[in-house]
Amino acid sequence: MSYGSKAAERLGGKIILITGASAGIGEATAREFAEAANGNVKLILTARRKDKLDALANSLSETYPNIKLHVAEFDVSKLDTIAPFVANLPAEFSDIDVLINNAGKALGRDPVGEILTEDIMGMFQTNVLGLITLTQTVLPIFKAKNSGDIVNLGSIAGRDPYPGGGIYCPTKAAVKSFSHVLRKELINTRIRVLEVDPGNVETEFSIVRFKNDISKAKDVYKGTEPLVAEDIAEIIVFGVTRKQNTVIAETLVFSTNQASAVHLYRNE
């Protein structure tokens, strides 16, 4: 997507921390920021899979020789590692301007009463506690300079709960509620809180949800024309590159054949 000179100017030299950057929406968002800024940006790329991050960093460096990158293996579900991670960022990357809370996951579609405790904990640790803890850790940096953008990746699941989403849906509802509170608490600052709620997006998401059962994962998108990671990345970067006085507070994103969490037209 072509953003023009205004977007490049507004992103110029900014430090952007992206969680879950090894694949899917996180990876696409890193690429989108690099393109919009013509490489004049500093990206902190984090995820659990260091090899994927290194491959992304190499690709970005080849395309944008002037880009600055810091790559780190980082799991937001390990709450006690978050403060040390932020505190120990290299000086060149320490004054964060944009936080993209993208890391998240769904595990299983089991009904309530049959959900594994490890899946419950895994989703809440990553989707809720990790997001909140990282935000609380980065927020003082933003408050010190009275600027910064926090982008929280929610989901249609946080607005429209569905059977089989007994844990995932509440975690994303928590993200929505947290975003609302944060926006209201920061109303006397120039810190922006943006929430992006994707619908049906084909990434590794369903593969993780169904624990590497590729057949089940493909069935989620069968007969539909789902969104892809780049579609959401464009919206994230669009929001961040608006004028300082403009907040794209909430964005619900559907493909043209979707109308709710469970209303999907399937051409089968």
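What comes next concerns the included structure.

Rules and cut-offs
All residue numbers refer to positions counted from 1 along the written sequence of the respective chain. Local features in a predicted model are, by the rule used here, given only for residues with pLDDT of at least 70; side-chain atom pairs are given and counted only at 80 or more, and totals for whole chains, interfaces and linings are based on all residues. Note that the side-chain values use all heavy atoms of the structure and ignore hydrogens as well as water. Here a helix means four or more residues in a row that DSSP labels H or I, a strand means two or more in a row labelled E, and each is numbered from the N terminus. Three labels apply to residues, based on accessible area from a 1.4 Å probe with only protein chains included: buried if under 20% of the type maximum, exposed if over 50%, partly exposed otherwise in between. Residues count as neighbours in contact if any of their non-hydrogen atoms are within 4.5 Å of one another. For helices, the fitted line uses only the C-alpha atoms of the stretch in contact; every axis is such a line through C-alpha atoms, and the angle between N-to-C directions lies from 0 to 180 degrees. For classification purposes, an angle smaller than 35 degrees is called roughly parallel, one larger than 145 roughly antiparallel, one from 65 to 115 roughly perpendicular, and anything else oblique. The crossing is said to be left-handed when, going from far helix to near helix, the turn is anticlockwise and less than a right angle, and right-handed when the turn is clockwise. The classification used treats Ala, Val, Leu, Ile, Met, Phe, Trp, Tyr, Cys and Pro as nonpolar, Asp, Glu, Lys and Arg as charged, and all other residues, Gly among them, as polar. Only strands that DSSP links by at least two bridges are regarded as paired with each other. Here the aromatic set is Phe, Tyr and Trp, taking the six-membered ring for Trp, and pairing holds for ring centres within 6.5 Å; pairs whose planes are under 30 degrees apart are stacked, those over 60 apart are edge-to-face, and all others are tilted. Charges are assigned to positions over rings by a cutoff of 6 Å between ring centre and Lys NZ or Arg CZ, combined with an angular limit of 35 degrees from the ring normal.

Considering the environment of Lys68
Tracing the backbone shows Lys68 in strand β3 (residues 68-73). With a relative accessible area of 39%, Lys68 lands in the partly exposed category. Residues Lys68 and Lys211, 143 residues apart in the sequence, show an inter-C-alpha distance of 35 Å. The contacts of Lys68, once residues within four sequence positions are left out, are Val41, Lys42, Leu43, Glu92 and Phe93.

Here's the deal with the packing of helix α2 (residues 24-36) against helix α9 (residues 229-240)
Following both chains from N to C, one finds α2 and α9 inclined at 50 degrees, their axes separated by 8 Å at the closest point. Of the possible angle classes, the one that applies to α2 and α9 is oblique. Read as a crossing pair, α2 and α9 show a hand that is right-handed. Mapping the contact onto sequence places Gly24, Ile25, Ala28, Thr29, Glu32, Phe33 and Ala36 in α2 and Ala229, Glu230, Ile232, Ala233, Glu234, Ile236, Val237 and Val240 in α9. For the contact of α2 with α9, the per-class residue count stands at 10 nonpolar, 2 polar and 3 charged.

Comments concerning the sheet that holds β3
An order of β3-β2-β1-β4-β5-β6-β9 is seen for the 7 strands of this open sheet, with the pairing classed as parallel. Strand pairing shows two members of the sheet lacking a second neighbour, β3 and β9 (250-253), which therefore form its edges. For this sheet, the mean inter-axis angle between neighbouring strands, taken without regard to orientation, is 15 degrees. Here strand β1 (residues 15-18) pairs with strand β4 (residues 98-101) via 3 bridges, running parallel. Within β4, the position partnered with Leu17 by the bridge is Leu99. Packed onto the sheet, helix α3 (residues 50-63) meets β2 (42-47) and β3 and runs at close to 175 degrees relative to β3.

Looking at the packing of aromatic side chains
In the structure shown here, the tally under the stated rule is 1 aromatic pair. For the pair Phe74 and Phe85, a centre-to-centre distance of 4.1 Å together with 15 degrees between the ring planes defines the contact as stacked. Of this pair, Phe74 sits in the loop between β3 and α4 (82-87) while Phe85 sits in helix α4; the two residues are 11 residues apart in sequence, bridging distant segments of the chain. One cation-aromatic arrangement involves Arg242 over Phe238; the distance from NZ or CZ to the ring centre is 3.9 Å.

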